[in-house]
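Below, each chain spelled out in residue letters.
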Amino acid sequence: MLLVSVAFSGCYHATIEMDRTPSNVVIDQPWALGFVYGLVPPPTVDASEKCTDGVAKVETKLSFLNQVVSALTFGIVTPMHITVTCAAPDNTASTDIPEEQMLTVPEGSTTEEIQEIYRYASDLAVQNEAPVYVRH
């Protein structure tokens, strides 16, 4: 029993932090299901709707209960706890960028129009050897 307690006491934990100020908006998935000891990872967390200003931090961990489920299913089901913290709006960013480096996608643009704007932005970035920003 002591060996089992020690084996389950440690929890896998990884954190990725971006150079962004975190907001109060958090996406929390305590039971994101992976399979076969994590060889089949959990589905990707789509943060685009909630995190309109980007992501500040992504945290993944195997909690004690996640590990219990994994052990009971002999690793066939491998749940993971995923937490995404959205970034706070950066109001100064767009004012520091020269107008020629900023493109805007008009509201109601079709997929083809958006793709064309991004193609143009990448061509412009290569031509000027400078970043080009696209805002929606």
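Residues numbered from 1 in each chain as written. Predicted model: local features only at pLDDT ≥ 70, side-chain atom pairs only at ≥ 80, totals over all residues. Heavy atoms only, no water.

Overview of a nonpolar patch on the surface
The grouping of Leu33, Phe35, Val36, Tyr37, Leu39, Val40 and Phe74 at the surface amounts to a nonpolar patch, some 770 Å² of accessible area in total. By secondary structure assignment, the location of Val40 is in the loop between strand E2 (22–35) and strand E3 (55–61). Residue classification places Val40 among the partly exposed positions, given a relative accessible area of 41%. (Patch = residues over 30% accessible without salt bridge, like charges linked within 9 Å, V, L, I, M, F, W, Y side chains within 5 Å. Areas by Shrake-Rupley, 256 points an atom, 1.4 Å probe, with all protein chains shown as cover. Salt bridge = Lys/Arg side-chain N within 4 Å of Asp/Glu carboxyl O. Helix = DSSP H or I, 4+ residues; strand = E, 2+ residues; numbered from the N terminus. Buried < 20%, exposed > 50% of the residue type's maximum accessible area, 1.4 Å probe, protein only.)

So, the state of the cysteines
Within this structure, the stated rule accounts for 1 disulfide. Shown here is the disulfide that connects Cys51 with Cys86, its sulfur atoms set 1.9 Å apart. Sign of the S-S torsion, about -60° for the bond between Cys51 and Cys86, identifies this disulfide as left-handed. Pair noted here: Cys51 is in the loop between E2 and E3 and Cys86 is in strand E4 (residues 77–87), with a separation of 35 residues, a long-range link. Across the pair, exposure class does not vary: Cys51 and Cys86 are buried alike. (Disulfide = S-S within 2.5 Å.)

Description of the pattern of salt bridges
One pass over the structure, following the stated rule, counts 1 salt bridge. A salt bridge links Arg119 to Glu116, with the shortest nitrogen-to-oxygen separation between them at 3.0 Å. Here Glu116 and Arg119 lie together in helix H4 (residues 111–128), a separation of 3 residues that amounts to about one turn. Taking relative accessible area as the criterion, Arg119 reaches 43% and is therefore assigned partly exposed.

A word on the environment of Ala47
Positionally, Ala47 belongs in the loop between E2 and E3. Overall, Ala47 belongs to the buried group, its relative accessible area being 12%. Sequence-distant contacts of Ala47, that is, excluding residues within four places in its chain, are made with Ile27, Val55 and Val84. (Contact = heavy atoms within 4.5 Å.)

Here we look at the nonpolar core
Membership of the largest hydrophobic core is limited to 9 residues, which are Ile27, Ala32, Ala47, Cys51, Leu62, Met80, Ile82, Val84 and Cys86. Those elements that provide at least two residues to this core are E2 and E4. The element contributing the most residues to this core is E4, with 4 residues. If sequence neighbours within four positions are ignored, Ala32 has contacts with Pro42, Thr78, Pro79, Met80 and Ile82. Formed by 7 residues, the second largest nonpolar core is a distinct cluster that contains Leu103, Ile117, Ala121 and Val132. (Core = buried A, V, L, I, M, F, W, Y, C linked by side-chain atoms within 4.5 Å.)

Here we look at the sheet that holds E3
Strands sit in the order E1-E3-E4-E2 across an open sheet of 4 strands; the sheet is antiparallel. The sheet is open, and its two edges are formed by strand E1 (13–17) and E2, each paired on a single side. Neighbour-to-neighbour, the strand axes of this sheet turn through a mean angle of 15°, independent of strand direction. Bridge analysis of E3 against E4 gives 6 bridges, and the strand direction is antiparallel. Bridging across to E4, Lys57 finds its partner in Thr85. Most of the contacts of helix H2 (residues 64–72) go to E4, to which it runs at about 150°, and overall it touches E2, E3 and E4. (Pairing = 2+ DSSP bridges. Axes fitted to C-alpha atoms, helices over the stretch in contact; angles between N-to-C directions.)

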